[in-house]
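Results of the structural survey
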Amino acid sequence: AQRKSRWLLPHANICQQGTSSMTNTQIELIRIVYFSRNDIAVSDAEMSCELDRILNISRINNTRDDVTGALTFNNGVFGQVLEGPSEAVENAFERIQMDDRHSDVTLLEIVSIVERGFSKWSMGFVGKLDAQADPQRLVTTSDMDISLLSGQEIYRTLHTLMLKNENAVRAA
């Protein structure tokens, strides 16, 4: 089944971030940032279980495929950053577009990167499953509409919150 998605590309070509002296033997790394609407009609408790399943499967697939990133979920909207080898990231994004749990999949950004922003996380998460950490309250207890953010805003927010969460865990 083919999914309807809206690809909002900031440029016709992949944007280059930083400078790269990539040779033919190096693998091109890209970052994709998107949002999608939740099509899972379940209770909050069931949604928490479903998010746990999504994260577990994503972490297995992403570790296998050398993809890293982070996911957030709030007010029925997923926001996600995926980064890694271009083919692997594109394949992961294709699976997401075909997944019946998502609708209105909207690509906000696709850029070529020199370095990963989420190198330590096969799939980090900022949201209700992690609500005990104070930085996440921005996402879980607010009416923040992820779909109103740009790709860069989603990236920066997830990156900042993942780093704060990591530092809080180290300090504990």
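Residues numbered from 1 in each chain as written. Predicted model: local features only at pLDDT ≥ 70, side-chain atom pairs only at ≥ 80, totals over all residues. Heavy atoms only, no water.

**Observations regarding the overall build of the protein chain**
Condition: Only runs of H or I of at least four residues qualify as helices and only runs of E of at least two qualify as strands under DSSP, and these elements are numbered from the N terminus. Only protein chains enter the area calculation, which uses a 1.4 Å probe; residues under 20% of their type maximum are buried, those over 50% are exposed, and those in between are partly exposed. In short, Shrake-Rupley with a 1.4 Å probe defines the accessible areas, and a residue's cover is counted only from the protein chains shown.
Looking only at helices and strands, one finds four helices and seven strands in the protein chain. The order of helices and strands in the protein chain, counted from the N terminus, is β-β-β-α-β-β-α-β-β-α-α. Burial status across the protein chain gives 47% buried among its 172 residues. When the accessible surface of the protein chain is totalled, it reaches about 9300 Å², and 50% of it is carbon and sulfur.

**Structural notes on the environment of leucine 55**
Within the secondary structure, leucine 55 sits in helix 1 (residues 44-65). A relative accessible area of 3% places leucine 55 in the buried class. The sequence separation of leucine 55 and leucine 71 amounts to 16 residues, and the corresponding C-alpha distance is 8.5 Å.

**Section: the pairing of strand 6 (residues 102-113)**
In plain terms, the rule: Pairing between two strands requires that DSSP report at least two bridges joining them.
With eleven of its twelve residues buried, strand 6 lies for the most part within the structure. As paired elements, strand 3 (residues 29-38) and strand 6 share nine bridges and run antiparallel to each other. Paired with asparagine 38 across the bridge in strand 6 is histidine 102.

**Section: the pattern of salt bridges**
To keep it simple, the criterion reads: The term salt bridge refers to a pairing of a side-chain nitrogen on Lys or Arg with a carboxyl oxygen on Asp or Glu at a separation within 4 Å.
Within the structure shown, the criterion is met by seven salt bridges. The salt bridge partner of arginine 37 is aspartate 104, with a shortest N-O separation of 3.8 Å. Residue arginine 37 is found in strand 3, and its partner aspartate 104 is found in strand 6; the two are separated by 67 residues along the sequence. One network of salt bridges, with partners in common, ties together Glu50, Arg53, Asp99 and Arg101.

**Describing the confidence of the model for the protein chain**
So the rule is basically this: Every residue carries a pLDDT, the predictor's confidence in it, which falls somewhere between 0 and 100. The criterion used for residue contact is that any of the two residues' heavy atoms lie within 4.5 Å.
Summarising the model, the protein chain shows a mean pLDDT of 78, and 74% of its residues fall at 70 or more. Within the protein chain, no element has a lower average pLDDT than strand 1 (residues 5-7), which sits at 42, and none a higher one than strand 5 (residues 77-85), at 94. Here residues 1-24 is modelled with pLDDT under 50, and outside its nearest four sequence neighbours on either side it reaches 49 contacts, counting other chains as well. Segment residues 129-141: pLDDT under 50, and 30 contacts once partners within four positions in sequence are set aside and those in other chains are kept.

**Observations concerning the side chain of asparagine 38**
Turning to its location among the elements, asparagine 38 is positioned in strand 3. If near-sequence neighbours (up to four positions away) are discounted, asparagine 38 is found in contact with Met47, Phe73, Gly76, Phe78 and Arg101.

**Description of helix 2 (residues 86-98)**
The criterion, for reference: Multiplying 1.5 Å by the helix residue count minus one yields the expected span of that helix.
Over its 13 residues, helix 2 extends 18 Å from the first C-alpha to the last, a length consistent with the 18 Å expected when each residue adds 1.5 Å. Three or more residues of helix 2 are buried, namely Ser86, Ala88, Val89, Ala92, Phe93, Ile96 and Gln97.

**A look at the packing of aromatic side chains**
Quick reminder of the rule: The pairing test for Phe, Tyr and Trp rings, Trp by its six-membered ring, is centres within 6.5 Å, and the orientation test on the planes gives stacked under 30 degrees, edge-to-face over 60, and tilted for anything in between.
Considering all chains together, one arrives at four aromatic pairs under this definition. Ring centres of phenylalanine 73 and phenylalanine 78 lie 4.7 Å apart, and the angle between their planes is 45°; on these two criteria the pair is classed as tilted. Overall, phenylalanine 78 belongs to the buried group, its relative accessible area being 1%. Taken together, the ring pairs in this structure connect Phe118, Trp121 and Tyr155 into an aromatic cluster.

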